[in-house]
Amino acid sequence: MTKALTISVDGMSCASCVRHVEKALADVDGVANASVNLARGTATVDLRDPALPAASATALAAALAAAGYEARQAEVTLDVEGMSCASCVRRVEKAIEAVPGVTEAAVNLAAGTAFVRYLEGATDTAAIAAAATKAGYPAEPRAGEGGTGAAGHDERLAAERAVLRREVAVAALLAAPVVAASMGGDLWPAFGRWLAASAGTEAVQVAEFVLTALVLAWPGRRFYAKGVPALARAAPDMNSLVALGTAAAFLYSAVVTFFPSLLPETARHVYFEAAAVIVVLVLAGRLMEARAKGRTGAAIRKLAGLKAKTARVVRDGAAVDVAIAELAVGDLVQVRPGERIATDGVVAEGTSYVDESMLTGEPLPVEKRSGDRVVGGTVNGTGGFTFTAEKVGGETVLAQIIRMVEDAQGAKLPIQALVDRVTMVFVPAVMLAAALTFFVWMAFGPEPTLSHALVAAVAVLIIACPCAMGLATPTSIMVGTGRAAELGVLFRKGDALEALSEADVVAFDKTGTLTEGRPRLTDFTLAAGFRRSEVMRLVGAVESASEHPVARAIVAGAAERGVAFPKVGAFEALTGRGVAATVEGRSVLVGSARLFDERRVELGTLAQAGESLARNARSPVFVAIDGVAAAVMAVSDPVREETRRVIDALHAEGRGVAMISGDVRSSAEAVAAGLGIDHVIAGVLPGGKVAAIESLKAGGRRVAFVGDGINDAPALAAADVGIAVGSGTDVAIESADVVLMSGDLSGVVNAFFISRMVLANIRQNLFWAFGYNVALIPVAAGALYPLYGVMLSPMLAAGAMALSSVFVLSNALRLRFAGPADASGREAGQAVRGLRRRPAAA
């Protein structure tokens, strides 16, 4: 049994950072696995022991610090009641330290407070306060101190962007005179002559030295602060590459400026502008990355923004406004017109229409009456009502949705394994390539060999930073799963994105998934000499006395037609065959053809109509009045309106479609024929659905299963991908990899569509990230010089490197505008897989 813990990590900038952090965390005792999401700046560790004491949390922070990264920590002061002695202090500290992620707890008995430091992202202040309260010491955060939710995350991102903007501005202002002095003469010879005559070459070079030194020591300090210690640990990262490249250019230029006699005359060139501009461009690239990263989490922020801030609670007979954090199960909450519902509960009094589009995607408001459930975050209409709170805090549907999306966004797909293998050796390989480039130029290059060697080596170091590789997968997953959530499709497990795209067969449970799940009166055929209204009135009266599902469907059908039922006498239930009763002195018989045979009632022309209904998977129910056959009705579970469109869309993608049903084969095949389903597995008991899934997997096919009931849970877990219809049961949803919140089967097409879009986006990003480095490292090393006399300037290398990361992020952000898939399946069916469909055995 493991427990997943997510913590925020500072200092990560590229794919090599990801590997270093994962290795550092995985080496901590008790950690089974570690996974990093570079785009979110988080690391998730799977702990072998579900209980994480403070010592273990401290060990995680220490491991990160030793690797050169910082586990972001937060602090909170709690006001604690009920403490009276030193033993109370220890009990409170022990309870708080047991909260996963807490690194330090210090209780002050005299002040009645507890100071707590914890790993940000691993827990929050509400959980810490709840632990002390559960131990018998009521606690709450001191006024003005809160958790680290979406708002805190946004504030950090904003602060990071503000720092980067300031550093870019300072670096650009300092670098501009250096570039003008160094390159101005090439662009405007008159300016170069004037500068040399008025100031002198040596003075100009000294000024460039001073300004470049300020650039490297001030805004460029971050690269050295991270990169040099990483080099010392033999674990170089992107910062190391920038630090090496800029330091080499700066130090070489400094030698030319102050000790020119140490170098041959042909090699006395300064590259101060390269060192300064590299810092400007890399910082500008990081600023653009920070802006784009802020947009990748838009879906989470949008969901978090749906939470109500306060609730109007009835306490001691009076309605008072309280903070959401103070809500408790059992509270009576008033909802006024237009208000956002505070938490999950059950309507106690009043009626209204509630907009649940944020949950289901359905635009039409839903009527709510006494006994109906309401969900926190949905919006009340013009009415008012009172409801009893059933779930609060992290247990609400909205909180669970946010948690599911966050978990999916932090997933690492199998496709990421390629990136991990490459980045393990990438930065050391780049450094080796830069060293090799330097020595090859020194050995075989033309004069000035040292200058050429330096320019080529620095260009290789700068252009090969693996930022784009590290961002390629997590950004696409974050944006794609967030967009899916907005479309009502929740990926509970991020790796379902890849598994779903590989599914060959989509199997559906029949009842409640392909069908509406509730029988309805669908057909009514009269015999000659009878009136529909009269027959319906008598049949409805008889069936109203029965609890059978078929009887309830007939009564509902009659009620929809506005029929009033008379009183029933001499009612008799005939098990498995039908019912008989007396209504207003008339004998009424309702049931199967077998019952009519037993009572010797001739069906006449109704017999043929009943056989036709049975062939079309509808259950015929015959009616006799005073011993004469009067009508045949059909009760069936109607197929959902969107079912055929969904199946057609899946076929357009080349996927096989199967149906698993407990119905008899003739009935199941009739439904399948009408829907164009390829495989029919009928007569399956609830316990046999797993075996049915395994039979569909024969031949190496990958199977996605769509279901909604409790008895679907094992099959959802057994399939390669389980898709739960959100209108189903909690058990089914918890067993699934993907949840369709609206209960509309069109979500299946959207799920496949988003899956394909995300995987395509990831492949595009990886192609660019890898292709960029494969193509440009040789160019930076000088491969074009023998043919064209062209060398890549380190400044251009820095610009290209920054743009590669921005391209990857911008490409991932396109997923924010994906879908929904075309209702006809055309949009979802563009990637045809060409699967040969095979009929499955019964």
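The structure presented is a predicted model; accordingly, all values stated were derived computationally and were not measured. (Residues numbered from 1 in each chain as written. Predicted model: local features only at pLDDT ≥ 70, side-chain atom pairs only at ≥ 80, totals over all residues. Heavy atoms only, no water.)

Visitor: Outline the overall build of the protein, supporting the account with residue identities and numerical values.
Guide: Looking only at helices and strands, one finds 30 helices and 29 strands in the protein. Evaluated residue by residue, the protein yields a buried proportion of 50% over its 842 residues. Of the contacts formed within the protein by residues at least 6 apart in sequence, a portion of 70% connects residues at least 24 apart. Of the roughly 36200 Å² of accessible surface on the protein, a fraction of 57% belongs to carbon and sulfur atoms. (Helix = DSSP H or I, 4+ residues; strand = E, 2+ residues; numbered from the N terminus. Buried < 20%, exposed > 50% of the residue type's maximum accessible area, 1.4 Å probe, protein only. Contact = heavy atoms within 4.5 Å. Areas by Shrake-Rupley, 256 points an atom, 1.4 Å probe, with all protein chains shown as cover.)

Visitor: Any chance you could break down the UniProt feature "transmembrane region" (unreviewed entry) in the protein for me, citing the residues and the numbers?
Guide: As recorded in UniProt, the sites labelled "transmembrane region" (unreviewed entry) are residues 168–191, 203–220, 241–263, 269–288, 422–444, 450–473, 766–785 and 791–809. This span, residues 766–785, is 85% helix and 0% strand, and a straight line between its end C-alpha atoms measures 28 Å. (UniProt positions renumbered as here; feature names shortened; annotations may be inferred.)

Visitor: With reference to specific residues and values, describe the sheet that holds strand β26 (residues 679–681).
Guide: The strand order across the open sheet formed by seven strands is β17-β29-β28-β27-β18-β25-β26, and the pairing between neighbours is mixed. On the outer flanks of this sheet lie β17 (489–491) and β26, each paired with one strand and no other. The average undirected angle you get between the axes of adjacent strands in this sheet is 20°. Those strands touched by helix α24 (residues 665–675) are β25 (656–660) and β26, and its axis lies near 155° from that of β26. Across the face of the sheet, helix α28 (residues 746–781) comes into contact with β17, β18 (505–509), β27 (703–707) and β29 (738–740) while running at roughly 50° to β17. (Pairing = 2+ DSSP bridges. Axes fitted to C-alpha atoms, helices over the stretch in contact; angles between N-to-C directions.)

Visitor: Account for helix α22 (residues 606–615), with residues named and values stated.
Guide: Within α22, the full set of buried residues consists of L606, G610 and L613. An end-on view of α22 places all buried positions within 60° of arc, on one side of the element. Along α22, exposed side chains directed more than 90 degrees from the buried face belong to Q608 and R615. Contacts made by the buried residues of α22 are with β19 (520–526), β23 (619–625) and β24 (628–636). (Arc of directions from axis to C-beta.)

Visitor: Please set out the packing of helix α19 (residues 532–543) against helix α20 (residues 549–560) residue by residue, giving values where relevant.
Guide: Viewed as axis vectors pointing N to C, α19 and α20 meet at an angle of 140°, and their least axial separation amounts to 9 Å. The angle between the axes of α19 and α20 places the two elements in the oblique class. By crossing handedness, the relation of α19 to α20 is classed as left-handed. Where α19 approaches α20, its residues M536, V539, G540 and E543 are matched on the opposing element by A551, I554, V555 and A558. Taken together, the residues that form the contact of α19 with α20 break down as six nonpolar, one polar and one charged. (Parallel < 35°, antiparallel > 145°, perpendicular 65-115°, else oblique. Left-handed = near helix turned anticlockwise from the far one by under 90°. Nonpolar A, V, L, I, M, F, W, Y, C, P; charged D, E, K, R; others polar.)

Visitor: I'd like to hear about the sheet that holds strand β7 (residues 113–119), residue by residue, with values.
Guide: A sheet is described by the order of its strands in space; here four strands give the open sequence β6-β7-β5-β8, paired in antiparallel fashion. Looking along the sheet, the strands with just one partner apiece sit at the ends: β6 (102–108) and β8 (139–141). Each adjacent strand pair in this sheet contributes to an overall mean axis angle of 25°, direction not counted. Bridging between β6 and β7 involves six bridges; their strand directions are antiparallel. What sits directly across from V102, in β7, is Y118.

Visitor: Outline the side chain of E208, supporting the account with residue identities and numerical values.
Guide: Within the element layout of this structure, E208 appears in helix α7 (residues 201–217). Sequence-distant contacts of E208, that is, excluding residues within four places in its chain, are made with V178, A181, S182, V270 and F272.

Visitor: Account for the pattern of salt bridges, with residues named and values stated.
Guide: Overall, the coordinates contain 27 salt bridges when judged by the stated rule. The partner of R117 in a salt bridge is E104, with the nearest N and O atoms 2.3 Å apart. In this pair, R117 is assigned in strand β7 and E104 in strand β6, connecting sequence segments 13 residues apart. With relative accessibility at 32%, the residue E104 sits in the partly exposed group. Note that D331 and R315 form a salt bridge whose closest N and O atoms lie 2.9 Å from each other. With a gap of 16 residues between them, D331 in the loop between β10 (318–323) and β11 (332–335) and R315 in strand β9 (residues 310–315) connect regions that are remote in the sequence. In this structure R315 comes out as partly exposed when scored by relative accessible area, which is 30%. When salt bridges that share partners are traced, they join E534, R537, E584, R586 and D626 into one network. (Salt bridge = Lys/Arg side-chain N within 4 Å of Asp/Glu carboxyl O.)

Visitor: With reference to specific residues and values, describe the nonpolar core.
Guide: Within the largest apolar cluster, 138 residues are counted, with the highest numbers of intra-cluster contacts made by F491, F508 and V748. Looking at this core, the element that brings in the most residues is α28, giving 15 residues. Within the second largest apolar cluster, 24 residues are counted, among which are M536, A553, V583 and A631. (Core = buried A, V, L, I, M, F, W, Y, C linked by side-chain atoms within 4.5 Å.)

Visitor: Give me the lowdown on the pairing of β10, citing residues and values where you can.
Guide: Sheet topology note: the β9/β10 ladder contains six bridges and is antiparallel. From the neighbouring strand, T310 faces β10, where its bridge partner is A323. Remark: two residues form the turn of the hairpin made by β9 and β10, two consecutive strands paired antiparallel; D316 in that turn has positive phi of roughly 55°.

Visitor: Can you break down unusual backbone geometry residue by residue, with the values?
Guide: Cis geometry is adopted by the peptide bond preceding P448, which originates at E447 and carries an omega value of -10°. Its place among the elements puts P448 in the loop between α14 (416–444) and α15 (449–463). The backbone of D316 sits at a positive phi, close to 55°, despite the residue not being glycine. As for its position among the elements, D316 is in the loop between β9 and β10.

Visitor: Outline a nonpolar patch on the surface, supporting the account with residue identities and numerical values.
Guide: Residues V206, V210, L214, F258, F259 and L262 make up a contiguous nonpolar surface patch of about 550 Å² in total accessible area. Per-element accounting of the nonpolar patch gives the leading share, three residues, to α7. Position of F259 relative to the elements: it lies in the loop between α9 (238–258) and α10 (272–296). (Patch = residues over 30% accessible without salt bridge, like charges linked within 9 Å, V, L, I, M, F, W, Y side chains within 5 Å.)

Visitor: Run through the packing of aromatic side chains, naming residues and quoting values.
Guide: All told, the structure shown has nine aromatic pairs when counted by the stated rule. With a centroid separation of 5.8 Å and 65° between ring planes, the pair formed by F250 and F272 is classed as edge-to-face. Remark: F272 occurs in helix α10 and F250 occurs in helix α9; sequence separation between them is 22 residues. Across the pair, exposure class does not vary: F250 and F272 are buried alike. For the ring pair W441 and Y785, a centre distance of 5.3 Å and an interplane angle of 70° mean the geometry is edge-to-face. Note that W441 is positioned in helix α14 and Y785 in helix α29 (residues 785–788), a separation of 344 residues in sequence. Among the aromatic residues, ring-to-ring pairing joins F209, F250, F258 and F272 into one connected group. (Phe/Tyr/Trp six-rings, centres within 6.5 Å; stacked < 30°, edge-to-face > 60°.)

Visitor: An account of the packing of helix α8 (residues 221–232) against α9 is requested, with residue identities and associated values reported.
Guide: Contact pair α8 / α9: the axes reach a minimum separation of 7 Å and the direction vectors enclose 105°. As far as their axial angle goes, α9 and α8 are roughly perpendicular. Contacts between α8 and α9 involve R222, F223, Y224, K226, G227, A230 and L231 on the former and, on the latter, N239, S240, V242, A243, L244, T246 and A247. Of the residues belonging to the contact of α8 with α9, the class tally is eight nonpolar, four polar and two charged.

Visitor: Describe α15, with residues and values.
Guide: Along its 15 residues, α15 runs 21 Å from first to last C-alpha, staying within 8% of the 21 Å computed at 1.5 Å per residue. In terms of burial, α15 is largely enclosed, as 15 of its 15 residues are buried. (Expected span 1.5 Å × (residues − 1).)

Visitor: Account for the environment of V270, naming residues and giving values.
Guide: Assignment of secondary structure puts V270 in the loop between α9 and α10. Put simply, V270 and A254 are 16 residues apart on the chain and 7.7 Å apart in space, counted from C-alpha to C-alpha. In this structure V270 touches Q205, E208, S253, V256 and T257, once residues within four positions along its chain are discounted.

Visitor: Run through the environment of S755, naming residues and quoting values.
Guide: Mapping S755 onto the fold places it in helix α28. Overall, the relative accessible area of 0% leaves S755 in the buried class. Separated by 278 residues in sequence, S755 and I477 place their C-alpha atoms 9.5 Å apart. Here S755 is in contact with L497, L500 and S501, once residues within four sequence places are set aside. Looking at S755, its side chain comes within polar contact range of the main-chain oxygen of L497, at 2.4 Å. (Polar contact = N/O pair within 3.5 Å; in protein donor to acceptor, adjacent residues only side chain to side chain.)

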